[in-house]
Each structure stands twice: as C-alpha cells, then as structure tokens.
Amino acid sequence: MMKLNRNQQLAAAALSVCALLPLAALPGCTSSEASSTPSGGITPQQFADGVHAVMMADRTVYATHVVTNLQKQDAPVKAFEYWEDTENSIPLPAQMFRMGAELVDENPEAGFTYALRSKWPLNEQHQAKTELEQTALDYLSDNPGENFYGEEELGDQKYFVAVYPDRAVAEACWSCHNEHPNRGDDYPEFGKDDVMGGVLVRVPL
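Below is a short write-up of the structure. Every value quoted in this text rests on a predicted model; they were computed, and no experiment measured them.

### Points about the overall build of the protein chain
So, step 1. Along the protein chain, the regular secondary structure elements total five helices and six strands.
So, step 2. Reading the helices (α) and strands (β) of the protein chain from amino to carboxyl end gives α-α-β-β-α-β-α-β-β-α-β.
So, step 3. Looking at the protein chain as a whole, 41% of its 205 residues are labelled buried.
So, step 4. Taking the contacts inside the protein chain whose residues are at least 6 apart along the sequence as the reference set, 58% of them involve residues at least 24 apart.
So, step 5. As presented, the protein chain carries roughly 11700 Å² of accessible surface, and 50% of it is formed by carbon and sulfur atoms.

### Digging into the sheet that holds strand S6 (residues 195–204)
So, step 1. Reading across the sheet, the four strands line up as S3-S6-S5-S4 and stay open at both edges, with antiparallel pairing between neighbours. Looking at the sheet topology across the chains shown, the edges are occupied by strand S3 (113–117) and strand S4 (148–154). The average undirected angle you get between the axes of adjacent strands in this sheet is 25°.
So, step 2. Note that S3 and S6 share five bridges and pair antiparallel. Paired with Ala115 across the two strands is Leu200, which belongs to S6.
So, step 3. Where helix H4 (residues 131–142) meets the sheet, it contacts S3, S4, strand S5 (157–167) and S6, and its direction lies at approximately 170° from that of S4.

### Observations regarding the pairing of S4
So, step 1. Pairing analysis gives seven bridges linking S4 to S5, with the strands arranged antiparallel. Paired with Leu154 across the bridge in S5 is Gln157.
So, step 2. The hairpin formed by S4 and S5 contains two residues between the paired strands, and Gly155 there has a positive phi angle of roughly 65°.

### Thoughts on the nonpolar core
So, step 1. In this structure, Met55, Phe97, Phe112, Tyr114 and Val201 are the most contacted members of the largest nonpolar core, which totals 20 residues.
So, step 2. Ranked by the residues each element gives to this core, the list is headed by helix H2 (residues 44–72), at five residues.
So, step 3. If we ignore the near neighbours within four places in the chain, the residues touching Tyr114 are Met55, Phe97, Gly100, Ala101, Val104, Leu200 and Val201.
So, step 4. One finds Leu140, Phe148, Val161 and Val163 within the second-largest nonpolar core, a separate group that totals seven residues.

### Brief notes about the side chain of Glu152
So, step 1. Mapped onto the fold, Glu152 is located in strand S4.
So, step 2. On the accessibility criterion, Glu152 (10% relative accessible area) is buried.
So, step 3. Looking at Glu152, its side chain comes within polar contact range of the side chain of Arg202, at 2.4 Å.
So, step 4. Contact partners of Glu152, with chain neighbours within four places excluded, come to Thr130, Leu132, Gln157, Lys158, Tyr159, Val161 and Arg202.

Rules used in this analysis
Residues numbered from 1 in each chain as written. Predicted model: local features only at pLDDT ≥ 70, side-chain atom pairs only at ≥ 80, totals over all residues. Heavy atoms only, no water. Helix = DSSP H or I, 4+ residues; strand = E, 2+ residues; numbered from the N terminus. Buried < 20%, exposed > 50% of the residue type's maximum accessible area, 1.4 Å probe, protein only. Contact = heavy atoms within 4.5 Å. Areas by Shrake-Rupley, 256 points an atom, 1.4 Å probe, with all protein chains shown as cover. Pairing = 2+ DSSP bridges. Axes fitted to C-alpha atoms, helices over the stretch in contact; angles between N-to-C directions. Core = buried A, V, L, I, M, F, W, Y, C linked by side-chain atoms within 4.5 Å. Polar contact = N/O pair within 3.5 Å; in protein donor to acceptor, adjacent residues only side chain to side chain.

Given below as structure tokens:
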C-alpha cells in the first residue's frame, strides 16, 4: 500500500470531513482545546491544515505550470488583472484563488471560509478585516515559516482561525507584485519564497 506523506494525510482527512462530517457539528473548543482531537473526528486545526494543503497545491500548480509557462513560451494568452475585459487573457493566480474563495463562501454547506490577506494589499479586498487578522499578519512577518492559530468571535459566532504564510511560489507571483502600478514607494520588493501575505482559513466552532 502506498504510504502518504503528512500533507497528503491532512488533505485526505479534510476531504473526509467535508464528505462525512458537517463542520457545524464540530464541538466548540477553547484556545487550549483547539488542537485536541474531538471524539469521532479531527480538530479544527487539523481540518484547516488539510484544506490549506489542498488549496496551496492547486494554486502552486496554476501559477507554476500554467501562468509562468505561458510567460516563458511567449504565448498569445497571458494572465492579466483585467482578463474579463481583455481578449486572450486568463486570471492571475491571486484572482483564481479569490474566485474559489467566493464560491465556497456562497456555499452554505461548505462549513468554512478562506481568503487572502496582506500587510501590503494591492487590492483592498486583501487587507486585514479584523484585529486578529492584523495580529496574524504581523506574526507571520516577524516569524518566517510559522503559522498563526487563534480564535475570534464575530457577531454571536465563535471561530477557529488559521493563517498561513502566502509565499511567492512562482515568478508570475513576485513579478506581478513588483511591477504593479498600484505599488507605492515603500512597497517591498519580493523574490522567490518571500512571504507576501497570509492565507486565512476560518472554521466555525
């Protein structure tokens, strides 16, 4: 039998939860309980880690093997910010990611949401929306390679929140940001594997 690595195990666990266990049924937990395994299921952190592994795998494949390859081949089709109004254009990796997040957000059965966030948003949709999100972005910036986990209450609902480093995984990522007309004079110059922001996964408790 083929042995799965940790990311594959987490992704499989996340998909199993999606199919078999409504997230709304996950028991509530305090900060100290967020990483403990509930009876008959997986923790919110394990779920978030799993769906993040799947999302980033898809995004990396699109950025590396579609967008960057088209650029290197000097193909007539280009990834472009205003792709909807331009012929022979496809969405940028960040736009593909956001469109997927919007579809999940519209699905009442999904049981979780996700989004891109950044300390240096070129698109205002990607700026921190809550105090916890800003804290998470500061933490990722100060602690390269680490994830941020916490809890917050929005309205009357409590959420487990995971924020992961959003790294420049392909040339298409950092070149787009470095050459964008909206970047200010103090905007960072990004390179391969630099942390450009955060990928946020929010799970109701």
